[in-house]
Amino acid sequence: MPDIASPAEIMSERLLCCICGRSTSDSEDYVLLGISSPSGAAEQWLGAHAEHLNGVLARGFSVEVHMM
């Protein structure tokens, strides 16, 4: 089975923040979220500032960004 690159590896531009709608191009806390359904092959990709995403997640859930 061939290796398939993830969208995070092949996307040449960052997406706008799905929470505030602003650019994420200079953000150190950029998060790329993938959503899929077991009933189909479709995928949806969303970009967000981690701080904004944390502001809308349910209690007990959080996102941390670690520089690698």
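A. Up close: the overall build of the chain. When helices and strands are tallied, the chain shows 2 helices and 2 strands. The secondary structure elements of the chain, listed N-terminal to C-terminal, are α-β-β-α. Counting only C-alpha atoms and orienting by the principal axes, one finds that the chain spans roughly 40 × 25 × 25 Å. Carbon and sulfur atoms make up 53% of the accessible area of the chain, which totals about 5,700 Å².

B. Inspection of the environment of V56 at higher detail. Inspection of the secondary structure assignment puts V56 in helix α2 (residues 50-56). Its relative accessible area of 52% is what places V56 among the exposed residues. Once the C-alpha coordinates of V56 and S37 are considered, the two residues, 19 residues apart in sequence, prove to be 21 Å apart.

C. Spatial organisation of the side chain of H49. In this fold, H49 is placed in strand β2 (residues 43-49). With a relative accessible area of 9%, H49 lands in the buried category. From its side chain, H49 meets the backbone oxygen of S23 in a polar contact 3.3 Å long. Contacts of H49, omitting those with residues within four sequence positions, involve C17, C20, R22, S23, T24, S27 and D29.

D. Quick look at the confidence of the model for the chain. With 91% of its residues at a pLDDT of 70 or more, the chain has an overall mean of 87. Confidence, expressed as mean pLDDT per element, reaches its minimum in the chain at helix α1 (residues 7-10) with 73 and its maximum at α2 with 95.

E. Structural detail: the state of the cysteines. Evaluation of the coordinates by the stated rule reveals 0 disulfides. C17 provides the cysteine sulfur closest to C18, a residue in no disulfide bond, and the two sulfurs are 5.5 Å apart.

Rules behind the numbers
- Residues numbered from 1 in each chain as written.
- Predicted model: local features only at pLDDT ≥ 70, side-chain atom pairs only at ≥ 80, totals over all residues.
- Heavy atoms only, no water.
- Helix = DSSP H or I, 4+ residues; strand = E, 2+ residues; numbered from the N terminus.
- Areas by Shrake-Rupley, 256 points an atom, 1.4 Å probe, with all protein chains shown as cover.
- Buried < 20%, exposed > 50% of the residue type's maximum accessible area, 1.4 Å probe, protein only.
- Polar contact = N/O pair within 3.5 Å; in protein donor to acceptor, adjacent residues only side chain to side chain.
- Contact = heavy atoms within 4.5 Å.
- pLDDT = per-residue confidence, 0-100.
- Disulfide = S-S within 2.5 Å.

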